[in-house]
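Analysis of the macromolecular model
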Amino acid sequence: MTFVSTRASDVRAGLSQAIVEGLATGGGLYVPERVAALSPDALPDRLALDALAPPLLKPFASGDPLEADLDAICRDAFVFPAPLVRLAGTPGPASVLELFHGPTCAFKDFGARFLAASLERIRRDGERLTILVATSGDTGSAVAAAFHGRPWVDVVLLYPKGLVSPRQAHQLACWGGNVRTFAVAGTFDDCQRMVKAAFGDPALAGRLRLSSANSINLGRLLPQMVYYASASLQIWRAEGRKPNFIIPTGNLGNASACVWAREIGVPVGDIVLATNENRTIPDYLESGAWRPRPSVATLASAMDVGDPSNMERLRWLFPDVETLGRRVSARSVSNDEIRAAIRTDATALGHVWCPHTATAAHVYHQLPRERTREHWVLVATAHPAKFNEIVEPLIGRDVPVLPALERLLGRPRQEEDLPATLDALRARLLDG
Ligand SMILES: *Cc1c(COP(=O)(O)O)cnc(C)c1O
């Protein structure tokens, strides 16, 4: 399969090149030139992620050197499950797709691990990579967990000191070994600026082979299709109908994977994007005018995105907004509505949501009564214990910590303070 840039159809790449480059030359994002229709016969009876991933993803790797490694990559990447849990107490059939059973308890573990497993096979022998990541919370820890202990790579994380949740900060700083964590005296935007500047810095380029693990990378997007396929096929085979998905959305990476899965023929019904008070996507679908803006801080902080990059992929697929609006819908959810969903559902449904997942829960509760007869899947993007300082006061009790999180919280923090300048970052990286 060939991937083309959203901005220039003559910028083309196979899968491994697209993964190494991340962003296409000229700033576009890689998209499949043609979607290969799925042949349901080729899909296994067993819908566990490691069994489903190779046949599902094979067309995307066809003709690429990675095709031969795909089975091994999937075995390396899909080592934790994405359980589909039926909800009780809802007016109609509803389930939760739990994407928080990886090492850092958020869905980004899936993409980060598949990217690490892919780069391990793409990189040239003897070549040492340095993955440089600016993070506002969940991405950095997922990348650290996925690359930690792999002998061919160093990871450098930059996060804004004091601006992530205490447990997020711990998950960023608890690694050591080949992971170096910098607590930057600045904002997330400062961290991103420093990373961008580092990629353009000749002194660094002369010494390090810098690589990114950005969420627009195909190596993070493609594996996310697998859990949507697994969940849809479970419901399709049991009930003979396509489930609808409600997806907490920020930069649109997770939801784009669901749209792609449906495009290749996975039995997905409606896709509803739940955003927080960052309204760029719902406003676009309503008004037809694409107006990116600075992000506003909300309780669902991993979704605080004012200029969702992956919209470029959806607009490439559905160039006019009317068509796009028939393929996805979007609702914005306020902080008060997030709090209310967490508080109410803890007793009404016996489920404790993280602030991101709570946006999907709120959207579900707003559905017109007749639509609740369809099967709805609420996508749980993180475990609530990761955001205990928000969730616990609302429900009046502690949230039990999953063993994965417990393990990380038990490790000592090792991080370095860093001023928010390229000079400071360069000096540290070149000093070793
Ligand atoms: C990153 C993240 C999101 C948003 O996902 P996008 O792919 O950026 O839309 C939602 N919830 C959690 C917990 C996240 O970490």
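Residues numbered from 1 in each chain as written. Predicted model: local features only at pLDDT ≥ 70, side-chain atom pairs only at ≥ 80, totals over all residues. Heavy atoms only, no water.

1. Topic: the site of the ligand
- The ligand sits among 14 residues. The nearest are Lys108, Asp138, Gly250, Asn251 and Thr381.
- The separation between an oxygen atom of the ligand and a polar main-chain atom of Gly250 is 2.7 Å.
- Alone, the ligand offers 380 Å² of accessible surface; in the complex the protein occludes 96% of this. (Near = heavy atom within 4 Å. Polar contact = N/O pair within 3.5 Å; in protein donor to acceptor, adjacent residues only side chain to side chain. Areas by Shrake-Rupley, 256 points an atom, 1.4 Å probe, with all protein chains shown as cover.)

2. Here we look at the packing of aromatic side chains
- Counted by the stated rule, this structure contains seven aromatic pairs.
- Taken together, a centroid distance of 6.3 Å and an interplanar angle of 55° make the contact between Phe78 and Phe114 tilted. With Phe78 in the loop between helix 3 (70-77) and strand 4 (84-86) and Phe114 in helix 4 (residues 108-122), this residue pair connects regions lying 36 residues apart in the sequence.
- Assessed through its relative accessible area of 3%, Phe114 is described here as buried.
- Counting every residue linked through ring pairs, the aromatic cluster contains Phe80, Phe110, Tyr227, Tyr228 and Phe245. (Phe/Tyr/Trp six-rings, centres within 6.5 Å; stacked < 30°, edge-to-face > 60°. Helix = DSSP H or I, 4+ residues; strand = E, 2+ residues; numbered from the N terminus. Buried < 20%, exposed > 50% of the residue type's maximum accessible area, 1.4 Å probe, protein only.)

3. Points about the sheet that holds strand 7 (residues 153-160)
- The parallel open sheet is built from five strands, whose spatial order is 9-6-7-8-14. Only two strands of the sheet have a single partner each, and these edge strands are strand 9 (209-211) and strand 14 (416-419). Each strand axis lies, on average, 30° off the axis of its neighbour in the sheet, ignoring direction.
- Summarising the sheet, strand 8 (residues 179-185) and strand 14 pair through four bridges and their orientation is parallel. Residue pairing in the sheet places Ala185 in a bridge with Pro419 of strand 14.
- The strands that helix 18 (residues 422-431) touches are strand 7, strand 8 and strand 14; relative to strand 14, the one it contacts most, it runs at about 140°. (Pairing = 2+ DSSP bridges. Axes fitted to C-alpha atoms, helices over the stretch in contact; angles between N-to-C directions. Contact = heavy atoms within 4.5 Å.)

4. Digging into the pattern of salt bridges
- What the rule picks out here adds up to 28 salt bridges.
- For Asp417, the salt bridge goes to Lys161, with nearest N and O atoms at 2.8 Å. Placement of the pair is Asp417 in strand 14 and Lys161 in the loop between strand 7 and helix 6 (166-173), with a sequence separation of 256 residues.
- According to the relative accessible area criterion, Asp417 is partly exposed, its value standing at 46%.
- According to the relative accessible area criterion, Lys161 is partly exposed, its value standing at 46%. (Salt bridge = Lys/Arg side-chain N within 4 Å of Asp/Glu carboxyl O.)

5. Details of the sheet that holds strand 2 (residues 12-13)
- One open sheet holds the three strands; their spatial order is 2-1-3, and the pairing between them is antiparallel. Of all the strands in the sheet, the pair left with one neighbour each is strand 2 and strand 3 (30-32).
- By the bridge criterion, three bridges tie strand 1 (residues 3-5) to strand 3 in an arrangement that is antiparallel. Bridge pairing in strand 3 links Val4 to Val31.

6. Remarks on the environment of Gly186
- Position of Gly186 among the secondary structure elements: in the loop between strand 8 and helix 7 (188-199).
- For the pair formed by Gly186 and Pro419, sequence separation is 233 residues and the distance between their alpha carbons is 7.6 Å.
- Not counting chain neighbours up to four residues away, the residues in contact with Gly186 comprise Pro160, Lys161, Leu163 and Ala420.

7. A look at the packing of helix 14 (residues 335-348) against helix 16 (residues 388-395)
- Relative to each other, helix 14 and helix 16 sit at 55°, their axes nearing to 9 Å. The angle between helix 14 and helix 16 places the two elements in the oblique class. Along this stretch, helix 14 crosses helix 16, giving a crossing that reads as right-handed. Contacts from Arg339, Ile342, Arg343 and Ala346 of helix 14 reach helix 16 at Val391, Leu394 and Ile395.
- The class makeup of the residues in the contact of helix 14 with helix 16 is five nonpolar, no polar and two charged. (Parallel < 35°, antiparallel > 145°, perpendicular 65-115°, else oblique. Left-handed = near helix turned anticlockwise from the far one by under 90°. Nonpolar A, V, L, I, M, F, W, Y, C, P; charged D, E, K, R; others polar.)

8. A short note on the side chain of Ser16
- When you line up the elements, Ser16 lands in helix 1 (residues 15-21).
- Those residues in contact with Ser16, other than ones at most four positions away along the chain, are Asp64, Pro65, Leu66 and Ile122.

9. Observations concerning the pairing of strand 13 (residues 376-380)
- For strand 13, the buried fraction is high: five of the five residues fall into the buried class.
- In this structure, strand 5 (residues 94-98) lies alongside strand 13, joined through five bridges in parallel fashion. Paired with Ser95 across the two strands is Val377, which belongs to strand 13.
- The pairing of strand 10 (residues 244-248) with strand 13 spans three bridges and is classified as parallel. Bridge pairing in strand 13 links Asn244 to Trp376.

10. Here's the deal with helix 11 (residues 280-287)
- Looking at helix 11, one finds that the buried residues are Thr280, Ile281, Pro282 and Tyr284.
- On its buried side, helix 11 packs onto strand 11 (271-275), helix 12 (311-317), helix 13 (321-327) and strand 12 (328-332).
- With its phi angle positive at about 80°, Gly288 sits one or two positions after the end of helix 11.

11. What to know about the environment of Leu405
- If you trace the backbone, Leu405 turns up in helix 17 (residues 403-409).
- Assessed through its relative accessible area of 1%, Leu405 is described here as buried.
- Sequence spacing of Leu405 and Ser16 is 389 residues, and the spatial spacing of their C-alpha atoms is 32 Å.
- If we ignore the near neighbours within four places in the chain, the residues touching Leu405 are Cys105, Arg167, Gln171, Ala385 and Lys386.

That's the geometry; what it means functionally is another story.
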